[in-house]
Amino acid sequence: MRFGQLGGVELLPKELLDVRRYRGKVFPKFAGKKDFELAERVIRIFKAGSGKKYGVLKKALKSIEDAKNFKKVRGFSKILEDRFLERRSKIDVDPLKVREFLFERGYVTSRSERERVIGYAARYFKTDVEKIERAIYADLDEEQVVELEGDVSPEELVRLYNLSLLQTSLFNSLRLTFWTSSNHKEIFRAIKRLGLIYELYYEGEKIVVDVMGTASILKLTRKYGTSIAKLVPYVLKAREWKIRAEILEGSRIYTLEIDSKYSNLFPVVEERIDYDSSLEEEFCRKLRSLGYEVVREPGLLKAGRHAFIPDFIVRRGGSEVYVEIVGFWTEEYLKRKLEKIRKLNVPLLVVAREEFGEGKVDGLITFSKRIPYNLVLREIRKFIGTTEPRKREYDSKLIERLKEEIEKIGPRYLEELRPILEKYDIDEFVLEKLGYRVVWKSLDRAEIEKI
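To keep things clear, this report deals only with the structure shown in the data block. Please read all numbers here as calculations on a predicted model, not as lab measurements. (Residues numbered from 1 in each chain as written. Predicted model: local features only at pLDDT ≥ 70, side-chain atom pairs only at ≥ 80, totals over all residues. Heavy atoms only, no water.)

Quick word on the environment of K337
Where we set the bar: Note on conventions: DSSP H or I runs of at least 4 residues are helices, E runs of at least 2 residues are strands, and numbering of each starts at the N terminus. Whether two residues are in contact is decided by their heavy atoms, any of which lying within 4.5 Å being enough.
Assignment of secondary structure puts K337 in helix α11 (residues 331–343). Residues K337 and L348 lie eleven residues apart in sequence; the distance between their C-alpha atoms is 9.9 Å. Apart from residues lying up to four places away in sequence, K337 is in contact with Y198, F308 and E324.

Set out below in structure tokens:
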């Protein structure tokens, strides 16, 4: 069963986390067939509440709660609110502006004085007194009018709830370890785009992924925990999978284990990852403009039983250096990674955002807003040499011929131009001379725009 793309992660509030803890293990209390009826009741209330105030909807939901089901009722409601509920105000006057207007006129000490000020407001906003009265608090949650957008079945709601419960259960993990039988490329891309702190290692022929949990980092824990939650659907899409997590609860550590025998509990969803590829695009453009060959996503780099996923290989002549632009990081994580890579005698340059980690690591280049290319080039030249590479020159006849062939195609994507670029043995950066630019929308999709 496949649903639409998730607009965001629906983590449950901590008070709705429904799990059982027993002998050092955590067991999420997933919903099943026995909860379809309850899910259907919640959906009916939401449908009946369409066009009414949010406060009316909440009151109706409260009426079906009891000591045993309140976590699921509120959990189901949270999923529906986040994914399917639209809120709006029936008042065509801005409540904030109305309040500002009234408060600027000071306190009122009598009913007649209040009526007079409300009357001023009605004339000022060119409406009637009743609308001003309703507008004063119209932007409060309880006063918002709600509409249920789209349709959802009880079975779909139960599966979405289970996914959210699993994601929330993993939020305070110290470590998340998983294995999948398939979907590797998609998972690895998601890990990179989410900026997670990870390690890959082999167990026989299997590649195991070890992701540092939220409870193990010091900065941006909410953002990092949400990133882990976004990774979970990619794991669950595999034919076979196994997850093991160490969960921190107070001063105790519990273990959560689950595998693909429970796949039927969860939906198959396409989680949206908002990914800014501008840094990688800029890196490619800068280095290629200086005559270096830059290869994106060069594949796994093996170091004994461990493996890594660098972002680039930068080459010139017979020399090369791997480059990784990391997301979240810790001092210990980067030192451990660099040490393993150095044992392979493979040159690796690591670039990291200052605000996503902290610590001092030899050879690490950090930045705040823009990558310091003077430092990057200095480090690259240590591996590739100090002689400046020669920039390729293109004669005017070739430029004109290219322009004609490209205009005939009218390309939207870079992939459409690959045959032409390969035909003349040129790279994509000649396109700037022709009045085009390449905009990387993701690691594997680039669009062509006219400058």
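Moving on from the coordinates now.
Side note on the nonpolar core
Burial of nonpolar side chains together is a common tendency in soluble globular proteins. Put simply, the test is: We call a set of buried residues a nonpolar core when its members are Ala, Val, Leu, Ile, Met, Phe, Trp, Tyr or Cys and they connect through side-chain atoms within 4.5 Å of each other. A simple rule labels every residue: compare its accessible area, found with a 1.4 Å probe on the protein chains alone, to the largest value its type can have, and call it buried under 20%, exposed over 50%, or partly exposed in between.
Of all hydrophobic cores here, the largest spans 90 residues; its most connected members are F178, V211 and L231. Beyond its immediate chain neighbours, meaning those up to four positions away, L231 contacts F178, I187, A190, I191, L194, L196 and V211. Membership of the second largest hydrophobic core comes to 21 residues, among which are Y292, V294, L349 and F367.

As for the packing of helix α7 (residues 154–169) against helix α9 (residues 221–236)
Two numbers describe a pair of packed helices, the interaxial angle and the distance between the axes. Here is the rule: To obtain an axis, a line is fitted to C-alpha atoms, over the contacting stretch when the element is a helix, and the angle between two such axes runs from 0 to 180 degrees between their N-to-C directions. Each angle receives one of four descriptions, namely roughly parallel if under 35 degrees, roughly antiparallel if over 145, roughly perpendicular if within 65 to 115, and oblique otherwise. When the near helix sits turned anticlockwise from the far one by under a right angle, the crossing is termed left-handed; a clockwise turn instead gives a right-handed crossing. Amino acids are sorted into nonpolar (Ala, Val, Leu, Ile, Met, Phe, Trp, Tyr, Cys and Pro), charged (Asp, Glu, Lys and Arg) and polar (every other residue, Gly among them).
Taken N-terminus to C-terminus, the directions of α7 and α9 make an angle of 125 degrees; their axes are 9 Å apart at the nearest point. When the axis of α7 is compared with that of α9, the two are oblique. Here α7 runs over α9; the crossing is right-handed. Counted together, L163, L166 and Q167 of α7 and A229, K230, V232, P233 and L236 of α9 form the full contact between these two elements. For the contact of α7 with α9, the class distribution of residues is six nonpolar, one polar and one charged.

Regarding unusual backbone geometry
Its identity as a non-glycine residue notwithstanding, R23 has a phi of 50 degrees, on the positive side. Structurally, the position occupied by R23 is in the loop between β1 (19–22) and β2 (25–28). Using a relative accessible area of 74% as the deciding quantity, one classes R23 as exposed. Within the chain, K126 stands out as a residue other than glycine whose phi angle is a positive 55 degrees. Along the chain, K126 falls in the loop between α5 (111–124) and α6 (129–135). For K126, a relative accessible area of 78% translates into the label exposed.

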